[in-house]
Every structure is written in structure tokens, then in C-alpha cells.
Amino acid sequence: MSNTRKGIAMSSTHDASTTYELAIDGMTCASCVRRVEKAIAGAPGVSRASVNLATERAQVDFSARPDLPPVLAAIAKAGYEAHVIEEERADDPERSARTAELAALRRDLILAAALTLPVFLVEMGSHLVPAFHHQVMMTLGAGNWYAQFVLTSLVLFGPGLRFFRKGVPTLLRGTPDMNALVALGSGAAWLFSVVATFLPALLPEGTANVYYEAAGVIVTLILLGRYLEARAKGATSEAIRKLAGLQAKTALRLRDGVETEVPIAELKAGDVIRVRPGEKIAVDGEVIEGSSFVDEAMISGEPLPVAKAAGAEVIGGTINKTGSFTFRATKVGSKTLLAQIIRMVEVAQGAKLPIQALVDRITAWFVPAVIAAALVTFAAWLMLGPSPALSFALVNAVAVLIIACPCAMGLATPTSIMVGSGRAAELGVLFRRGDALQSLRDIGIVAFDKTGTLTSGAPAVTDFEPASGLDANEVLALVAAVEARSEHPIATAIVEAARERNLVLQPVDGFEAVPGRGVAGSVGGRTVLVGSQRWLEEHGIDTSDLAARAGALGEAARTPLLAAIDGRVAALIGVADPIKPSAAAAIAALKASGLEVAMITGDNRRTAEAIAKTLGIDRVEAEILPDGKAEAVKRLAAGGRKVAFVGDGINDAPALASADAGIAIGTGTDIAIESADVVLMSGDPLGVARAIGLSKATMRNIGQNLFWAFAYNVALIPIAAGLLYPFNGTLLSPMLAAGAMALSSVFVVTNALRLRRFQPATASAWRESQP
């Protein structure tokens with residue numbers, strides 16, 4: 001996970017490389033992303049750079065010793081500002097900056113609209129209503145154009161100055177971006193109007209018209225689009241804010257018998273903390289005194305509170321319900337589970353999917369191509385257009401410049417990734433690697449490990465049948481008393497079954513355990529044997545009454561045990577690793593999606609096939625040794641289909657790493673989780689269906705965004721250039737072009753926000769669908 005060094009967000013990757021995360025200010029479109037990536041990649045020691053427009057962040061990998069100053073200098077030289085992202089902050093400066101930016105956009109938008117509205121009403125009203133034009137001329141006369149010049153100049157060099165400050169330098173460097181297109185378009189309309197107002201003799205006869213309203217409306221509409229886009233982009237990071245909101249602000253620390261309320265930033269590993277009813281648990285730790293029930297729904301998704309007593313682990317951000325207890329902090333700051341979850345979501349949100357490479361290649365030449373198209377449009381209208389040709393040439397060239405801003409293309413992929421991975425986190429699905437969002441969509445086979453993944457991972461008593469005439473509780477109490485002396489997992493399951501019935505276990509004399517056979521002992525003067533049918537028969541005990549039923553349990557993948565009391569068979573006990581309640585629903589949901597489901601396990605074939613038959617699993621790879629699971633994954637992939645492997649144990653790590661997508665059960669081992677692409681925070685197998693469903697929904701959403709962004713430009717650039725004019729006289733006003741461009745970005749972000757309403761598969765919904 002991440003480590004902290006000198007307050008800088010830094011994490012170690014697989015090799016000796018180091019990753020830093022930077023916040024980038026000033027990016028507005030896909031061209032900006034490309035330019036910043038190129039600048040970072042050219043800095044010494046940088047092995048990889050990935051820039052995300054939606055998060056406004058860059059991930060920088062260093063292959064050698066990290067050297068940040070040259071990277072920051074390269075970004076500044078490219079025309080942008082950058083700073084390292086610090087961890088463990090009491091405040092959130094990035095969020096404060098976003099809030100300030102939104103307030104500035106709102107202020108500038110209101111000012112631009114107020115200044116532009118009179119110009120728009122006077123100019124457009126004069127065109128549409130002759131009487132209004134007459135009234136304007138009678139009232140303002142020649143001062144009309146002067147007034148428009150003043151108001152429009154205030155718009156362009158007040159609220160609209162941002163476009164010139166950023167766009168003109170990129171033009172001079174030969175790397176134009178969206179700001180350059182807006183500056184060129186609005187600046188050309190304004191400059192032509194200024195010449196028409198003050199030096200009309202310089203223009204060809206009949207072309208001295210003003211387009212102040214176009215320049216003003218372009219800036220106003222682009223600001224409106226930026227404002228709406230900023231608001232929508234703020235909503236895309238809602239998941240991170242919700243997760244961060246789960247963190248407690250203070251904790252009640254105990255030192256030398258004195259309780260002191262301190263900020264969680266002051267807590268250290270080893271501190272003793274008291275938690276009162278209804279309070280949030282501050283950090284991860286281990287209960288040392290007291291007991292309670294804790295709501296861990298934010299981690300596991302399970303609605304029922306979990307009992308906590310001495311020795312139990314507690315997780316920071318979860319909520320204490322009824323009792324009071326003290327615990328010792330084991331993980332604080334960036335090491336807590338909640339902090340790691342937030343970090344994983346941030347990494348996933350900032351990742352680039354393989355599909356983004358295509359977008360990057362297109363946007364590399366898109367803006368220069370648009371400028372070239374505008375120049376061709378201007379030249380064509382100037383040479384071939386009707387009179388006044390210069391006016392037609394100017395208006396149509398400006399329309400091409402404005403309508404083709406590549407904002408929507410730059411936002412199409414990252415906004416969907418942000419919302420999709422954020423929604424996944426809310427559902428307990430963490431994408432450790434962002435590209436898993438794309439790879440999961442192409443999965444054809446889902447292979448599950450059995451123990452701990454489809455089953456609970458610990459044996460439990462599934463059947464207890466006393467012999468005729470015997471009391472079940474009395475027999476179970478005697479059997480459990482003997483088994484309590486054994487350390488075998490099956491013995492633990494039998495003892496737990498007795499405790500669930502609140503049975504009292506008596507002392508045992510003469511305890512004996514025979515490996516592979518069973519256990520024996522004397523309880524209250526009665527001789528008790530528990531073990532295999534063969535072992536009891538070796539002691540001369542007749543097992544025929546329960547033999548047939550024992551065989552049936554074996555066929556059902558349960559381990560049959562027989563108990564004898566005083567030389568007579570007393571009970572049949574069935575023990576198995578119980579299947580998780582939602583496992584059948586998970587398998588059914590995956591198969592309903594058209595996926596094949598397999599199981600890879602080290603269990604014997606009979607047990608594996610019995611469980612597979614119960615769950616409806618298509619293919620079984622049984623009796624696989626731990627080092628053979630990765631090979632089993634490769635066999636499943638032999639037909640060319642992509643394989644996802646789901647596991648939880650250390651022995652699953654190679655298979656998780658070798659699969660096209662590794663999915664780890666979050667209740668499993670750290671090694672399994674570190675080897676996976678996706679982590680399910682609860683042990684619910686339905687999380688697999690949720691992850692794949694969300695992947696498909698996210699990629700579908702990205703496809704919609706990219707189609708809209710590209711189709712919009714392909715369709716409207718020719719119209720803006722005047723393609724329809726020879727046929728029906730249609731021309732696209734620069735004002736309408738500005739509105740369409742602004743709305744295209746808002747549409748892409750709004751469409752991505754629909755992923756917040758994604759509804760996952762649930763076990764109850766599956767059960768309701770069954771006949």
C-alpha cells in the first residue's frame with residue numbers, strides 16, 4: 001500500500017520504482033492531458049506518467065532515484081501548475097481549491113452574463129424586430145456600436161481573460177489547446193468588430209458589420225459550460241468524500257488512568273482508547289477490555305452488528321452500538337484499513353484504461369486539425385462565398401473553432417472511471433488496479449477457489465441424528481465433552497454446536513486421540529467414542545443402524561462421524577465446510593450473464609463435484625495442489641477466453657496473479673489481496689457478480705461518452721463550416737456553436753453520473769426469482 005515520506009504521497013511499486021502523485025492546475029481538455037504527460041515523461045528519471053483530466057492529478061513513476069523539482073519545472077514550462085499531494089492532512093486543500101474555483105466561475109459567469117445580455121438583446125432584437133432596430137438607432141445612433149464595444153471588451157478581458165492567458169501562450173508554443181480555440185474564436189469576432197467600429201475604411205465595401213454579441217455570448221456560454229462541468233465533476237468524487245466522512249475526528253485516549261479527548265492525528269500505535277456507545281471507532285485495534293456490538297456495514301456490507309470482546313479486532317470508522325470497551329491501537333494514520341480503502345479508490349479513479357490510448361492518439365492532432373479546418377473554411381468562404389464574403393468567412397471560421405473544443409473527449413473516460421470505481425467502493429468492491437474495470441468486462445470464465453470463497457472456510461456440524469430412544473442434547477453434551485480435549489477442526493465444530501445449544505460440558509477422564517481414527521474418553525463414568533465407522537467397528541460396536549445414513553452423508557460431501565456410548569452406537573454426526581448463503585445466487589447471477597463458472601480446489605473430487613452440483617458450477621478442477629492452481633487457470637484459458645479467478649488464501653496468490661483478472665475476498669489473507677486486481681471487502685461471493693456487472697456498466701457508459709464526443713464533432717464541424725449552406729441556406733451561428741460545445745461536456749459528465757444509480761445483484765432478488 002502507500003507509505004509516507006516527508007509528507008509526500010508516495011508508494012512503492014513492484015520493482016525498485018517509486019510513484020508520486022501530483023495535483024495539476026489549469027488543465028481544461030484532452031490536449032492539456034497529452035501536453036502534461038509529455039512534459040513529465042521528458043523529466044530525468046521518470047519511467048511513466050499518467051495524467052487524469054477528471055481528477056486533475058498525475059501519477060509519476062521514477063525508475064531511478066526520485067527527483068521532483070525537474071518534474072514540477074517541466075509542468076510549469078508547459079503552462080500548468082503542479083504540487084505534490086500530501087497525506088494525513090487535517091483539512092482538504094484540494095477540495096477547498098475546487099470550492100474556490102467553483103465560486104470564481106459562478107462570479108465570472110454572472111458578470112459575463114450581465115454584460116453580454118444588453119449587447120445580445122440590442123443586436124439580435126434589431127435583426128428580428130425592425131421597429132426595435134429603429135428605436136435603437138433613434139436612441140443610441142452611432143453610440144450603439146461604441147456601447148457594444150465597451151461591454152464586450154469588459155467581458156473578454158474580464159471574465160474571459162482566463163482563455164487568453166492560457167490559450168495565447170499555447171499558440172505561441174505551437175501546442176494549442178481548448179483555451180486557444182476559444183481565444184481565437186472570440187478574439188477574431190471582437191477584433192473584426194473593433195475594426196468595423198473604428199476603422200471601417202480598412203474593410204471591403206459592405207463588410208463593415210459587428211459581431212460583438214457573438215464574442216460576448218461565446219465567452220458567457222463557455223463559462224456556463226465550465227461552471228456546470230465543475231459542479232458535475234464535484235459530484236463524481238462523492239464516493240471519496242463519503243469514505244473520508246466515515247473517519248472519526250477525535251478519540252478518547254487513556255494514559256495513566258486519565259481520559260483525554262484528542263484528534264486522531266495525535267494517536268500512535270499502542271495507545272489505549274475508550275469507545276462509548278454510539279461513537280465511531282477512531283483507528284484499527286484490538287479490544288482489551290469490555291464488550292459490545294459494532295456496526296461494520298461500511299466494510300463488510302453486512303447489516304447485523306458484530307459482537308466484540310477481548311481479543312477481537314476493531315476497524316477504524318465502524319460504529320460502536322451498545323456497550324463500552326477499550327482497545328489498543330494497532331494501525332493509525334495511512335495504515336488503517338479505511339485509509340487504505342480510500343487510497344485504493346483514489347488510485348483506481350486516477351488510472352487510465354487501455355481504451356484511453358486511442359483517445360490520446362486522436363486528441364494529439366485534434367486541436368491543430370481544427371485550427372487548420374478553420375483556416376480552410378475561412379479561405380473557402382473568402383474565395384467562393386457570396387457577398388459580403390469576408391463576413392461569411394469570419395463567422396463560419398469562428399463557428400468551426402468554437403464547436404470543436406475537445407473537452408468532451410478528454411472527460412469521456414476518466415469521469416466514468418471516477419463514478420464507476422466510487423460506486424463500486426460503496427458496494428464493497430475495490431478496484432486495486434484501474435484497468436480491471438476494462439478487463440473484467442471481457443471475462444468469459446469465472447473460476448472460484450472453494451474453501452473460504454464459496455464455503456465459510458471452517459467446518460460446522462450440519463447433521464446430528466441420535467440413535468432411537470436417546471436424547472439429542474444429552475448425547476451431544478457427552479460427545480462435545482470428549483471433543484473439547486481435541487485440537488482438530490472437526491472437534492471445534494462439534495464443541496461449537498454444543499455451545500449454541502447452551503449445553504454444559506463435564507470433565508473428561510482417560511482422554512485418547514488416535515490420528516485418522518477418532519477420540520475416546522470417560523465422561524461421568526460413561527465411555528464415549530467418536531470417530532469413523534471403521535474405528536467403532538474395530539471396538540466391536542454394531543453400526544448397522546446408522547451405516548446407510550452415514551453413506552448418504554458422504555455422498556453429499558459431508559464428513560460422517562459416529563458416536564458410541566457405553567459400547568452402543570449413539571449418534572450420527574455430519575460435519576462439513578458449509579456453503580456460503582449467497583454462493584448459489586452468485587453462481588446463478590454469473591451464469592445468467594452468459595459466463596461459464598468453474599471451481600479450482602485441492603479437495604477430493606467427490607466432495608468438489610458434490611458442491612459443484614449443489615451450486616450449479618459447470619466445470620471442476622479438483623485435487624489441485626497449491627502450486628498447480630495457476631496452471632489450472634491457464635488450462636481454463638486454453639480456448640482463448642479471459643479468466644477471472646476468485647480466491648482468499650496464500651495458496652491462491654499465484655492463480656490470482658496469473659488470471660486475466662484476480663478477485664480477492666477481502667476477509668482473506670494480505671498476500672491474496674496484494675496479488676489481486678479487485679478486492680471484495682466482504683466474504684460475499686455475490687460481490688463477483690457486482691464487480692463484473694459494474695465493469696460492464698462502466699465500459700458501456702464510456703462507450704456512450706466516446707460516441708457522443710466523437711459523433712458530435714464529426715457531425716457538427718462540417719455544418720459549422722457551412723456544408724449545408726448551398727443546399728438549404730443553413731449556417732451555424734458561433735453563439736449556437738458555443739452552446740453546443742458547452743453542453744457536450746456537461747452531457748458527458750452527467751451521463752457518467754448515472755453510474756451512481758447502478759444496482760447490484762442481491763441474494764434476496766435471486767431467491768425471489770426462483771420458481
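Computed from a predicted model, the values in this text were never measured in an experiment. (Residues numbered from 1 in each chain as written. Predicted model: local features only at pLDDT ≥ 70, side-chain atom pairs only at ≥ 80, totals over all residues. Heavy atoms only, no water.)

On to the pairing of strand β7 (residues 250-255), then. In the sheet, β7 pairs with strand β8 (residues 258-263) via six bridges, with the strands oriented antiparallel. Within β8, the residue paired with L254 across the bridge is E259. Hairpin connection, β7 to β8: the antiparallel pair is bridged by two residues, and D256 has positive phi, about 55°. Relative to strand β9 (residues 272-275), β7 is paired through three bridges, and the arrangement is antiparallel. For L252, the partnering residue across the bridge sits in β9 and is R274. (Pairing = 2+ DSSP bridges. Helix = DSSP H or I, 4+ residues; strand = E, 2+ residues; numbered from the N terminus.)

Moving on: the pairing of strand β20 (residues 518-523). Along β20, five of the six residues are buried, which leaves the element largely enclosed by surrounding structure. Alignment of strand β19 (residues 508-514) against β20, held across five bridges, turns out to be antiparallel. Its bridge partner being in β20, V508 is matched across the sheet by V523. Between β19 and β20, which pair antiparallel in sequence order, lie three residues; one of them, G516, sits at a positive phi of approximately 80°. Two strands pair when backbone bridges link them, and β20 and strand β21 (residues 526-531) are joined in this way by six bridges, in the antiparallel orientation. Bridge pairing links S522 to T527 in β21. From the end of β20 to the start of β21, which pair antiparallel, there are two residues, and G524 there has a positive phi angle of about 60°. (Buried < 20%, exposed > 50% of the residue type's maximum accessible area, 1.4 Å probe, protein only.)

What follows deals with the side chain of S292. Checked against the element boundaries, S292 lands in strand β11 (residues 292-295). For S292, a relative accessible area of 5% corresponds to the buried category. At 2.4 Å, the side chain of S292 forms a polar contact with the side chain of N320. Not counting residues up to four positions away in its chain, the partners in contact with S292 are V306, A307, K308, N320, K321, T322, G323, S324 and F325. (Polar contact = N/O pair within 3.5 Å; in protein donor to acceptor, adjacent residues only side chain to side chain. Contact = heavy atoms within 4.5 Å.)

So, about helix α25 (residues 686-720). Every α-helical turn comprises 3.6 residues, leaving residues that sit three or four positions apart pointing alike. The end-to-end C-alpha separation of α25 is 50 Å, in line with the 51 Å expected for 35 residues at 1.5 Å each. With its phi angle positive at about 100°, G722 sits one or two positions after the end of α25. (Expected span 1.5 Å × (residues − 1).)

Attention now moves to the pattern of salt bridges. Taken as a whole, this structure holds 23 salt bridges when the rule is applied. Note that K591 and D618 form a salt bridge whose closest N and O atoms lie 3.1 Å from each other. On the criterion of sequence distance, the pair formed by K591 in helix α20 (residues 583-592) and D618 in the loop between α21 (605-615) and β25 (619-621) is long-range, its members being 27 residues apart. Taking relative accessible area as the criterion, K591 reaches 36% and is therefore assigned partly exposed. D618 gets classed as partly exposed once you look at its relative accessible area, which sits at 40%. (Salt bridge = Lys/Arg side-chain N within 4 Å of Asp/Glu carboxyl O.)

With that settled, the discussion passes to the packing of aromatic side chains. As enumerated under the stated definition, the model contains 12 aromatic pairs in all. Site record: aromatic cluster; members linked through ring pairs are Y146, F149, F157, F164, W190, F198 and Y212. (Phe/Tyr/Trp six-rings, centres within 6.5 Å; stacked < 30°, edge-to-face > 60°.)

As recorded in UniProt, the sites labelled "transmembrane region" (unreviewed entry) are residues 109-133, 145-164, 180-203, 209-228, 362-384, 390-413, 706-725 and 731-753. Structurally, residues 145-164 is divided into 80% helix and 0% strand, and its ends, taken at the C-alpha atoms, are 23 Å apart. For residues 209-228, the helix share is 85%, the strand share is 0%, and the end-to-end C-alpha distance is 33 Å. (UniProt positions renumbered as here; feature names shortened; annotations may be inferred.)

With that settled, the discussion passes to the packing of helix α13 (residues 389-403) against α25. Their axes nearest at 8 Å, the elements α13 and α25 cross at an angle of 170°. As summarised for this structure, α13 and α25 are arranged roughly antiparallel, according to the angle between their axes. Between α13, through N396, A399, V400 and I403, and α25, the contact on the second element is made entirely by Y712, N713, L716, I717 and A720. (Axes fitted to C-alpha atoms, helices over the stretch in contact; angles between N-to-C directions. Parallel < 35°, antiparallel > 145°, perpendicular 65-115°, else oblique.)

Ordered by their spatial adjacency, six strands build an open sheet running β18-β23-β22-β21-β20-β19, and the pairing between neighbours is antiparallel. With one partner strand each, in any of the chains shown, β18 (460-466) and β19 form the two edges of the open sheet. Ignoring strand direction, the axes of neighbouring strands in this sheet form an average angle of 15°.

As a further point, take the sheet that holds strand β17 (residues 443-449). Strand order across the open sheet formed by seven strands is β16-β28-β27-β26-β17-β24-β25, with mixed pairing between neighbours. Among the strands making up the open sheet, the edge pair consists of β16 (429-431) and β25. Recorded for the sheet is a direction-independent mean angle of 20° between the axes of neighbouring strands. As paired strands, strand β27 (residues 661-665) and strand β28 (residues 678-680) are joined by three bridges and run parallel to one another.

Where helix α16 (residues 472-483) contacts helix α17 (residues 489-500), the axes come no closer than 9 Å and their chain directions differ by 140°. Considering the angle they form, α16 stands oblique to α17. Handedness of the crossing formed by α16 with α17: left-handed. Of the residues in α17, those touching α16 at L476, V479, A480 and E483 are A491, I494, V495, A497 and A498. Across the contact of α16 with α17, the residue classes tally to eight nonpolar, no polar and one charged. (Left-handed = near helix turned anticlockwise from the far one by under 90°. Nonpolar A, V, L, I, M, F, W, Y, C, P; charged D, E, K, R; others polar.)

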